[in-house]
Amino acid sequence: AQSVTQPDIHITVSEGASLELRCNYSYGATPYLFWYVQSPGQGLQLLLKYFSGDTLVQGIKGFEAEFKRSQSSFNLRKPSVHWSDAAEYFCAVGEGMDSSYKLIFGSGTRLLVRP
Amino acid sequence: DGGITQSPKYLFRKEGQNVTLSCEQNLNHDAMYWYRQDPGQGLRLIYYSQIVNDFQKGDIAEGYSVSREKKESFPLTVTSAQKNPTAFYLCASSIGRGRIGTEAFFGQGTRLTVV
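Treat the numbers as computed from the prediction; the structure is a model and nothing was measured.

Student: Describe the overall build of chain A, naming the residues involved and giving the relevant values.
Tutor: A count of helical and extended segments in chain A gives zero helices and twelve strands. Its helices and strands taken in sequence order, chain A reads β-β-β-β-β-β-β-β-β-β-β-β from the N to the C terminus. Against the globule reference of 13 Å for 115 residues, chain A gives a C-alpha radius of gyration of 14 Å, in line with a compact fold. In terms of principal-axis extent, the alpha carbons of chain A reach across some 45 × 30 × 25 Å. Across the 115 residues that make up chain A, the buried fraction comes to 48%. Considering only intrachain contacts with a sequence separation of at least 6, the fraction spanning at least 24 residues in chain A is 53%. Within the structure as shown, chain A displays about 5,400 Å² of accessible surface, and the carbon and sulfur contribution to it stands at 51%. When the 10 basic and 10 acidic side-chain charges of chain A are each reduced to a single mean position, those positions are 2 Å apart.

Student: For the packing of aromatic side chains, give the residues involved together with the corresponding values.
Tutor: Taken as a whole, this structure holds 16 aromatic pairs over all chains when the rule is applied. Aromatic side chains Tyr 50 of chain A and Phe 74 of chain A sit 6.3 Å apart centroid to centroid with 45 degrees between the ring planes, which places their arrangement in the tilted category. Residue Tyr 50 of chain A is located in strand β6 (residues 44-50), and its partner Phe 74 of chain A is located in strand β9 (residues 73-78); the two are separated by 24 residues in the primary sequence. Following the ring pairs from residue to residue traces out a cluster consisting of Tyr 32, Phe 34, Tyr 36, Phe 51 and Phe 105 of chain A together with Tyr 33, Tyr 35, Tyr 48 and Phe 106 of chain B. Taking NZ or CZ as reference, Arg 68 of chain B lies 5.9 Å from the ring centre of Phe 74 of chain B, over its face.

Student: Any details on the interface of chain A and chain B? Residues and values, ideally.
Tutor: Counting residues at the interface gives 24 residues for chain A and 23 residues for chain B. Both faces considered, chain A and chain B share a buried interface measuring about 2,000 Å² in area, 55% of it formed by carbon and sulfur atoms. Taken together, chain A and chain B are joined by one salt bridge. Among the ionic pairs, Glu 103 of chain B bridges to Lys 49 of chain A, the shortest N-O distance being 3.0 Å. Our count for the contact surface shared by chain A and chain B stands at six residue pairs in polar contact (both at pLDDT 80 or more). Elements represented by at least two residues in the side of chain A that touches chain B include exactly β5 (32-38), β6, β10 (87-95) and β11 (102-105) of chain A. Broken down by element, the side of chain A that touches chain B gets its largest block of residues, four residues, from β5 of chain A. Grouping the amino acids of the side of chain A that touches chain B by side-chain chemistry returns eleven nonpolar, nine polar and four charged.

Student: Hey, could you go over the pattern of salt bridges for me, with residue numbers and the actual values?
Tutor: Residue and element names in this part refer to chain A. Using the criterion set out here, one finds ten salt bridges over all chains in the structure. Arg 110 is the partner of Glu 88 in a salt bridge, and the nearest nitrogen-oxygen pair spans 3.0 Å. Here Glu 88, found in strand β10, pairs with Arg 110, found in strand β12 (residues 109-114); they are 22 residues apart in sequence, far enough to count as distant. In this structure, a network of salt bridges that share partners links the residues Glu 64, Glu 66 and Arg 77.

Student: Give a description of the sheet that holds strand β7 (residues 64-66) of chain B that names residues and reports values.
Tutor: Adjacent strands of a sheet pair through backbone hydrogen bonds, lying either parallel or antiparallel. All names here are of chain B. Here we have four strands laid out as an open sheet, ordered β1-β3-β8-β7, and antiparallel in their pairing. Since the sheet does not close on itself, it has two edges, and those belong to β1 (4-7) and β7, each with one partner. Averaged over neighbouring strand pairs, the angle between their axes works out to 20 degrees when direction is ignored. Alignment of β7 against strand β8 (residues 76-78), held across three bridges, turns out to be antiparallel. Looking at β8, one finds that Ser 65 is bridged to Thr 77.

What counts, and where the lines are drawn
Residues numbered from 1 in each chain as written. Chains lettered and ligands numbered in written order. Predicted model: local features only at pLDDT ≥ 70, side-chain atom pairs only at ≥ 80, totals over all residues. Heavy atoms only, no water. Helix = DSSP H or I, 4+ residues; strand = E, 2+ residues; numbered from the N terminus. Rg over C-alpha atoms; globule rule 2.2 N^0.38 Å. Buried < 20%, exposed > 50% of the residue type's maximum accessible area, 1.4 Å probe, protein only. Contact = heavy atoms within 4.5 Å. Areas by Shrake-Rupley, 256 points an atom, 1.4 Å probe, with all protein chains shown as cover. Lys, Arg positive; Asp, Glu negative; His and termini not counted. Charge placed at Lys NZ, Arg CZ, Asp CG, Glu CD. Phe/Tyr/Trp six-rings, centres within 6.5 Å; stacked < 30°, edge-to-face > 60°. Lys NZ or Arg CZ within 6 Å of the ring centre and 35° of its normal. Buried area = accessible area lost by both parts, 1.4 Å probe. Salt bridge = Lys/Arg side-chain N within 4 Å of Asp/Glu carboxyl O. Polar contact = N/O pair within 3.5 Å; in protein donor to acceptor, adjacent residues only side chain to side chain. Nonpolar A, V, L, I, M, F, W, Y, C, P; charged D, E, K, R; others polar. Pairing = 2+ DSSP bridges. Axes fitted to C-alpha atoms, helices over the stretch in contact; angles between N-to-C directions.

Read these as spatial facts, not as claims about activity.
Take a look at the structure:
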């Protein structure tokens, strides 16, 4: 079974600073990778996804992520953080074939933004 | 508006009672999922269904039951056998139909508290 690791439980950055959230996944022949964001008490919103092709993926709200097969990583980045980016971020991997396909999530990283 | 509707938003249960959480989608998606979220543990998969009248256990199915009698609906019953049911429950759907690699769309969640 595939798994997802987000090594940072909390990250604090100053507003305007750059951000990188780490995500590592276990081996998969063709990883389907996702980043979601969750505001408190809300559902999850998709930021971006990677299936194949260009390893640098652009998403909504100015986020991007880079797939690095050699490092089994799919880190999320943003060049300049806004106070509204404070939320919890989840990395996920799609696992299984056809009727067994499902998304497996990491434990999340909570982003705090310093004024 | 197309989307996923979970109800109720807040639910209180006495110990020993069964409760049912509702999840309805009008996205014409074949696949539906139930996740449980606890602080620091990310999202854990309870049950999922790729097609009507069929569903599969996820990682933490014990103490839960589901049905999938209609494409639009995937209710989750938390039974008295679930020893620690207090959590935030998220329902999601995806296109399915054997198309792997697709993302999931989430409802706004139901917070269940045992009193």
